[in-house]
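Close look at the chain arrangement
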Amino acid sequence: MANPLFKAFGNRNQGNNIMGQFQNFMNQMKGQNPNDILNNMISSGQINQKQLNQVQAAAKQMSGQFEGIRSMFGFK
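Quick caveat: nothing in here was measured; it's all calculated off a predicted structure.

**Considerations on the overall build of the protein**
Helices and strands together make up the secondary structure of the protein, namely four helices and zero strands. Counting all 76 residues of the protein, 13% fall into the buried class. Surface exposure of the protein reaches about 6,200 Å², of which carbon and sulfur atoms provide 53%.

**A closer look at helix H4 (residues 49-70)**
If you check H4, its first and last C-alpha atoms are just 27 Å apart, much less than what 22 residues at 1.5 Å a residue would give, namely 32 Å. If you look at H4, its biggest bend is around 50°, right at Gly64. Among all positions in H4, only Gln51, Leu52, Val55 and Ala58 are buried. Here H4 starts with a cap whose side-chain oxygen sits 3.0 Å from the backbone nitrogen of Lys50, and that cap is Asn48.

**Things to note about the packing of aromatic side chains**
Under the definition given, this model contains one aromatic pair. Their ring planes at 35° and their centres at 6.4 Å tell us that Phe22 and Phe25 sit as a pair that is tilted. Here Phe22 pairs with Phe25, and both are found in helix H2 (residues 18-29), just three residues apart, close to one helical turn. Accessibility expressed as a relative area gives 27% for Phe25, which makes it partly exposed.

**Observations concerning H2**
In a regular helix each residue adds 1.5 Å, so twelve residues correspond to 16 Å; H2 covers 16 Å between its end C-alpha atoms and thus fits that length. Looking one or two residues past H2, Gly31 carries a phi angle of roughly 80°, positive in sign.

**Observations regarding the confidence of the model for the protein**
Confidence along the protein averages 81 in pLDDT terms, with 78% of residues attaining 70 or more. Model confidence for the protein, summarised as mean pLDDT per element, is weakest for helix H1 (residues 4-10) at 64 and strongest for helix H3 (residues 34-44) at 93.

Calculation notes
- The written sequence of each chain sets the order in which its residues are numbered from 1.
- Where local features are concerned, this predicted model is filtered to residues with pLDDT of at least 70; where side-chain atom pairs are given and counted, the filter is 80 or more; whole-chain, interface and lining totals use all residues.
- For side-chain calculations, the full set of non-hydrogen atoms in the structure is used, while hydrogens and water are omitted.
- Helix numbers and strand numbers start at the N terminus; a helix is a DSSP run of H or I with at least 4 residues, a strand a run of E with at least 2.
- In this scheme, a residue with accessible area under 20% of its type's maximum is buried, one over 50% is exposed, and one in between is partly exposed, where area comes from a 1.4 Å probe on protein chains only.
- Per-residue and other accessible areas were derived by the Shrake-Rupley procedure at a 1.4 Å probe size, with only the shown protein chains allowed to occlude residues.
- Helices are assigned an expected span. That span is 1.5 Å times one less than the residue count.
- Here the bend at each residue means the angle between axes fitted to two seven-residue stretches, the one ending at that residue and the one beginning there.
- Think of a polar contact as two N or O atoms within 3.5 Å of one another; within protein, one of them needs to be a possible hydrogen donor and the other a possible acceptor, and neighboring residues in sequence only count if both atoms come from side chains.
- Two rings belonging to Phe, Tyr or Trp (six-membered ring only in the last case) form a pair when the distance between their centres is within 6.5 Å. Interplanar angles under 30 degrees mark stacking, angles over 60 mark edge-to-face geometry, and anything in between is tilted.
- Residue-level confidence of the predictor, termed pLDDT, takes values from 0 up to 100.

Here it is, written out as structure tokens:
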């Protein structure tokens, strides 16, 4: 079963650049608790715990790559 989180971010319009996509994502997430969103996705059956674990493992591997751009978006 394809991971819906990967699918959601992987099927974006190719004309948009990744930074624009990330900025749109950040704007959509403002004021929301990511843990609440994930818990709702699990409880609704949109994703299962195994899929969440896969995404979290991938995010952990990629976290070093994002350190350089964090300050661009106001994160410390």
